Amino acid sequence: MINLSSDTQTKPTAEMRATMMNAEVGDEQAGTDPTVNALLEKTADLLGKEAALFLPTGTMCNLVAVKTHTRPGQTILVDHLAHVLRMETGGAALASGVIVETLPSEFGQFTAQAVKDALWPRSNYSPPATLLCVEQTHNFGGGSVWTLEELTAVSETARDLEMAVHMDGARLMNAVVASGNSAADFSAVCDTVWLDFTKGLGAPIGAVLAGTADFINRARRYKHMFGGAMRQAGIAAAGCIYALDHHVDRLAEDHANMQLLAGGLRQVPGLIVPDRVDTNILFFEVAAEGMDAALFEAAMREYDVQMVRLGERLRMVTHLDVSQQEIAEAVAAAGEVMALAAV
Ligand SMILES: *Cc1c(COP(=O)(O)O)cnc(C)c1O
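Being a predicted model, the structure only gives us computed values, none of them experimental.

Caption draft 1: Representation of the site of the ligand. Near the ligand there are 13 residues, and of these Thr59, Asp168, Arg171, Asp196 and Lys199 occur at the shortest range. Contact distances for the ligand include 2.6 Å between a nitrogen atom and a side-chain N or O atom of aspartate 168. Starting from 380 Å² of accessible surface for the ligand in isolation, the protein chains cover 87%. When contributions to the shell around the ligand are tallied by element, the ones reaching two or more residues are helix 3 (58-69) and strand 7 (192-196).

Caption draft 2: Region of the structure containing the domain arrangement of the protein. When cut into domains, the protein gives domain 1 (7-246) and domain 2 (250-342). Contact residues are listed per partner, giving 23 residues for domain 1 and 18 residues for domain 2. Taken together, the two surfaces of domain 1 and domain 2 that pack against each other cover about 1700 Å², and 60% of this comes from carbon and sulfur. Of all residues in domain 1, the largest losses of buried area upon contact with domain 2 belong to Asp7, Phe140 and Asn174, amounting jointly to 26% of the total for that side. The tally of links between domain 1 and domain 2 comes to zero salt bridges. The tally of links from domain 1 across to domain 2 stands at nine residue pairs in polar contact (both at pLDDT 80 or more). Considering each element in turn, the side of domain 1 that touches domain 2 owes the most residues, four residues, to helix 8 (residues 172-179).

Caption draft 3: Looking closely at the sheet that holds strand 2 (residues 51-55). Strand order in the open sheet formed by seven strands is 2-8-7-6-5-3-4, and the pairing between neighbours is mixed. Edge strands, defined here as strands with exactly one partner in the open sheet, are strand 2 and strand 4 (99-103). Within the sheet, the average angular offset between the axes of one strand and its neighbour, ignoring direction, is 20°. In this sheet, strand 6 (residues 164-169) lies alongside strand 5 (residues 129-135) in parallel orientation, the contact comprising five bridges. Bridged to leucine 132 within strand 6 is valine 165. In the packing of helix 2 (residues 34-47) onto the sheet, contacts are made with strand 2, strand 7 and strand 8 (207-211), and the angle to strand 2 comes to roughly 125°.

Caption draft 4: The pairing of strand 8, seen in detail. Within strand 8, five of the five residues are buried, which leaves it mostly tucked inside the rest of the structure. Residue alternation in strand 8 divides its side chains into two sets, Ala207, Leu209 and Gly211 and Val208 and Ala210, and both sets are buried. As defined by bridge partners, strand 2 adjoins strand 8 across five bridges and the pair is classed as antiparallel. Opposite leucine 53, over in strand 8, you have leucine 209 as the bridge partner. Here strand 7 runs beside strand 8; their pairing, made up of four bridges, is antiparallel. The residue bridging aspartate 196 from the neighbouring strand is alanine 207, located in strand 8.

Caption draft 5: Just the packing of aromatic side chains, in detail. The tally for this structure, following the rule as stated, stands at four aromatic pairs. Between phenylalanine 140 and phenylalanine 283 the ring centres are 6.1 Å apart and the planes differ by 55°, which places this aromatic pair in the tilted class. Highlighted residues: phenylalanine 140 in the loop between strand 5 and helix 7 (148-160) and phenylalanine 283 in strand 10 (residues 281-286), separated in sequence by 143 residues. Judged by relative accessible area, phenylalanine 140 falls into the buried class, the value being 7%. Taking NZ or CZ as reference, arginine 313 lies 4.0 Å from the ring centre of phenylalanine 283, over its face.

Caption draft 6: Expanded view of the sheet that holds strand 10. Pairing in this open sheet of four strands is antiparallel, and the strands run 9-10-13-12 from one edge to the other. The open sheet has two edge strands, strand 9 (271-272) and strand 12 (308-310), and neither has a second partner. Where strand 9 meets strand 10, two bridges bridge the pair, whose relative direction is antiparallel. Counted as the bridge partner of leucine 271 is valine 286 from strand 10. The strands touched by helix 12 (residues 251-266) are strand 9, strand 10 and strand 13 (313-317); relative to strand 10, the strand with the most contacts, the crossing angle is about 10°. In the packing of helix 13 (residues 293-302) onto the sheet, the strands contacted are strand 9, strand 10, strand 12 and strand 13, and the crossing angle to strand 13 comes to about 35°.

Parameters at a glance
- Residues numbered from 1 in each chain as written.
- Predicted model: local features only at pLDDT ≥ 70, side-chain atom pairs only at ≥ 80, totals over all residues.
- Heavy atoms only, no water.
- Near = heavy atom within 4 Å.
- Polar contact = N/O pair within 3.5 Å; in protein donor to acceptor, adjacent residues only side chain to side chain.
- Areas by Shrake-Rupley, 256 points an atom, 1.4 Å probe, with all protein chains shown as cover.
- Helix = DSSP H or I, 4+ residues; strand = E, 2+ residues; numbered from the N terminus.
- Domains from an automatic or database assignment.
- Contact = heavy atoms within 4.5 Å.
- Buried area = accessible area lost by both parts, 1.4 Å probe.
- Salt bridge = Lys/Arg side-chain N within 4 Å of Asp/Glu carboxyl O.
- Pairing = 2+ DSSP bridges.
- Axes fitted to C-alpha atoms, helices over the stretch in contact; angles between N-to-C directions.
- Buried < 20%, exposed > 50% of the residue type's maximum accessible area, 1.4 Å probe, protein only.
- Phe/Tyr/Trp six-rings, centres within 6.5 Å; stacked < 30°, edge-to-face > 60°.
- Lys NZ or Arg CZ within 6 Å of the ring centre and 35° of its normal.

What follows is the structure, given as structure tokens:
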């Protein structure tokens, strides 16, 4: 099976598993797991933040961050394709009692003007917008990278308007590798930021949320409330440290493989592939007589190629467990499937 459905589909490598097996452990909930503490220090340094918190998932990073940043009845602004809005079962509304308002976006990105346009003057009648969320890279926007200039512009606007800025950095390291900017550069214009270790970084468990010491101290309470406080979590943290040490630079391979994949699919008649493909995620569509996204997905499965379908949009993602050879096979399969459609 050539599994292009997500970069979460990677299996931990033998070296990563060995590191995890031999990890020194303590009690994460009590703050005495040395491997977790080492990961937190390393990640806080990488992100240029004072403190960090280990959480089981990226979803819980968003849940805890929104809870810590806001009070019930406030508004958070997100782009219309944001993971926090579309894929987290309404957790922000349930756990934090916030209104989630969307900004129109392209590739998941919006302008400073869109932020301004969304706001009503603060008054005793309107719910105050107090948090702006950005996604770097943007998942449903097709792995798009905010440039530092774009991110700085929306962040400065948000702060002028008395909003905090939270970055869902599930794939921040893909943005770092693609742009050449450091993780700290991007994080500097955000109050809080988190990294997911289970996406392109290839670890099996874990995400880290970072911010000021005061913010993280308050966030720790919600981590516990939501059931995210763990015990001998150093086993998981060891995989995350291994990923930071060995799996960051190689994200460039995933990006190069994605260029091969997108380039190959562009040559296939009937597939609509965007020109802009920044990192390791591609959304594309099918436009041909007798073929649609659902049929294409099913036919590709016959060729052992797996992807994700969101209505008419199809997603392919490159990662650690997909080789250049497999990319070529997937492109060839797409050509054969679409040739059938044209007949
Ligand atoms: C995967 C993802 C999440 C959630 O992370 P999990 O570790 O799967 O809970 C949040 N935001 C974005 C952009 C993601 O891609």
